[in-house]
Amino acid sequence: MEKILVTRSSMPPFEEYMEKVRPLWDSHWLTNMGANHNELEKQLKEFLKVDGISLMVNGHMALELIIHSFHFPKDSEVITTPFTFVSTTHAIVRNGLKPVFCDIKMEDGTIDETKIEGLITDRTVAIVPVHVYGNMCNVNAIEDIAKKHNLKVIYDAAHAFGINYKGKGIGSYGDASIFSFHATKVFNTIEGGAVTYNDPTLYEKLFYLRDFGIKDEESVVDIAPNAKMNEFAAAMGLCNLKHLDDALASRKKAYELYVETITATKGLRFLGAANSDNLNYSYMPVIVEDEYPLNRDELKNKFAESDVYVRKYFYPLTSNMECFNGEYKASSLDNAEYLSRRVLTLPLYEGMSDEGLERIMNILKNG
Ligand SMILES: *Cc1c(COP(=O)(O)O)cnc(C)c1O
């Protein structure tokens, strides 16, 4: 029986990748904004329907650097959610800022926009919402709140590659958004990421922020790390982008089968809401409610008995992680606590086998 993990990286045909990296043996230009990097930046700008984009070594550094670029006063407060990958919270804390956790919505796991204003203080400087599983946040309401209180909005769009809303790329909402091109994401450059934005001045700023703050040969204008995307990673991105339609079509097939099974099974609930123009079939989160014959952990074990390895994304909430010593605990995260105790993320990737899908659906249906 084929062992099924929660994800499997999409890869282009081997020869295609070799063709793409072969010129590097002539140019000897391996990183620092080389030809592949610049071509990928151009293609992604178009694909993501954004005005501005800066490629990064990974999604995490993209988030750390865009937060850094605003130079908020130390210990300022940033409103965010705990139902996410730990990277979101780390990027705030590692910038010397304080995450203030807002609860999420039961239907899709995104920030509950009606609870944001109650958390705003005179120390609040920004909102960092997450388009979790590719489910779009209420970008209109968030924009209104941010305008009213003069706050920056930086979206963690790591899950939202290719999502559009009202004909515009999701990465064009807010002051900036970050994407992840990690091997496990719907589009990958092995490791990689990007910041997208409308303000054209951010391009130059991020250009030196990802390169030690070096503005030119004799001028270092900020204290910044190294976060550049190399030519081999960019080559992988160029090849994967070419095959993205096939990858999405394959994911869509599995996704639709899942949605059909989940909606027909008592006690299971699909954690999705389609407010966006399109879907990217990136994740398959399912909520195991009390009416289901097994609880979440029992269902996870049941899958493992059949060599299917599902994950508890996102559990625990980042607000409960030991590294933060309870420092950022919030009192009212009822929905986030509820969902994180009942969620499983099921296998979803390009090229899932019919046998594998059947095995998974049978377990879901029968518990
Ligand atoms: C993957 C991910 C990140 C980090 O991206 P990397 O490319 O792995 O550094 C940040 N936020 C969320 C929600 C993610 O899923």
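Up top you'll find the structure we're talking about.
Going along each chain's sequence as written, the residues are numbered from 1 onward. With pLDDT at 70 or above as the cut-off, local features in this predicted model cover only qualifying residues; side-chain atom pairs require 80 or more to be listed or tallied, and sums for whole chains, interfaces and linings still use all residues. Computation of side-chain values covers all heavy atoms of the structure but excludes hydrogens and water.

## Points about helix H8 (residues 231-242)
Then, in step 1: Helix numbers and strand numbers start at the N terminus; a helix is a DSSP run of H or I with at least 4 residues, a strand a run of E with at least 2. Each residue after the first adds 1.5 Å to the expected span of a helix. Across its 12 residues, H8 extends 17 Å between first and last C-alpha, which sits within 8% of the 16 Å expected from 1.5 Å per residue.
Then, in step 2: With respect to burial, H8 is a largely interior element, 10 of its 12 residues being buried.
Then, in step 3: Summary of the burial criterion: residues with accessible area below 20% of their type's maximum are buried, those above 50% are exposed, and those between are partly exposed, where the area comes from a 1.4 Å probe applied to protein chains only. If you check which residues of H8 are buried, you get Glu231, Ala233, Ala234, Ala235, Met236, Gly237, Leu238, Cys239, Asn240 and Leu241.
Then, in step 4: Whether two residues are in contact is decided by their heavy atoms: any pair within 4.5 Å suffices. The elements touched by buried residues of H8 are helix H1 (14-21), helix H2 (24-27), helix H3 (35-47) and helix H9 (244-264).
Then, in step 5: The definition of a polar contact used here is a pair of N or O atoms within 3.5 Å, where within protein one atom must be able to donate a hydrogen and the other to accept one, and adjacent residues in sequence count solely through side-chain atom pairs. Between the side-chain oxygen at the start of H8 and the backbone nitrogen of Phe232 there is a gap of 2.8 Å, and the oxygen is on Asn230.

## A closer look at the packing of aromatic side chains
Then, in step 1: Side-chain rings of Phe, Tyr and Trp, where Trp is taken by its six-membered ring, are said to pair if the distance between their centres is within 6.5 Å; with planes under 30 degrees apart they count as stacked, over 60 as edge-to-face, and otherwise as tilted. One pass over the structure, following the stated rule, counts 17 aromatic pairs.
Then, in step 2: For the pair Tyr203 and Phe207, a centre-to-centre distance of 5.9 Å together with 50° between the ring planes defines the contact as tilted. A residue pair is termed a helical-turn pair when its members lie 3 or 4 positions apart in one helix, as Tyr203 and Phe207 do in helix H7 (residues 201-209) at four residues.
Then, in step 3: Classification of Tyr203 as partly exposed rests on a relative accessible area of 32%.
Then, in step 4: Exposure remark for Phe207: the relative accessible area of 34% places this residue in the partly exposed category.

## Describing the environment of Ile360
Then, in step 1: Along the chain, Ile360 turns up in helix H12 (residues 354-366).
Then, in step 2: Since its relative accessible area comes to 0%, Ile360 is described here as buried.
Then, in step 3: Residues Ile360 and Asn278, 82 residues apart in the sequence, show an inter-C-alpha distance of 25 Å.
Then, in step 4: Ignoring anything within four residues of it in the chain, the contact list for Ile360 reads Ile4, Tyr258, Phe303, Val308, Pro347 and Met352.

## A look at the pairing of strand S3 (residues 98-101)
Regular strands place their side chains on alternate faces of the sheet.
Then, in step 1: Two strands pair under a simple rule: DSSP has to find at least two bridges between them. Inspection of the sheet shows strand S2 (residues 77-80) paired to S3 by four bridges, in the parallel sense. When the bridges of S3 are listed, Val78 appears paired with Pro99.
Then, in step 2: By definition, the crossover connecting two strands over a helix is right-handed if that path, from the first strand to the second, turns clockwise as seen with the strands pointing away from the viewer. This β-α-β element, S2 to helix H5 (residues 86-93) to S3, shows right-handed connectivity.

## What to know about the nonpolar core
Then, in step 1: Counting residues in hydrophobic clusters, the biggest one holds 41 residues, and the most contacted among them are Leu40, Leu44, Ile116, Phe161, Phe181 and Phe187.
Then, in step 2: Not counting residues up to four positions away in its chain, the partners in contact with Ile116 are Ile79, Cys102, Ile111, Ile127, Ile142 and Ile145. Among buried residues, the Ala, Val, Leu, Ile, Met, Phe, Trp, Tyr and Cys ones that are joined through side-chain atoms within 4.5 Å form a nonpolar core.

## Here's the deal with the sheet that holds strand S12 (residues 268-270)
Then, in step 1: Read across the sheet, three strands follow the order S12-S13-S14 without closing on themselves; strand pairing throughout is antiparallel. Bordering the open sheet on either side are S12 and strand S14 (343-346), each of which pairs with just one other strand. If you compare each strand with its neighbour and ignore which way they point, the axes differ by 35° on average.
Then, in step 2: Two elements, strand S13 (residues 284-288) and S14, share four bridges in a ladder whose sense is antiparallel. Considered in S14, the bridge of Val286 is made with Leu344. Helix axes use the C-alpha atoms of the stretch in contact, all axes being lines fitted to C-alpha atoms, and the angles between their N-to-C directions lie in the range 0 to 180 degrees.

From the geometry alone we can't say anything about function, so treat these as descriptive.
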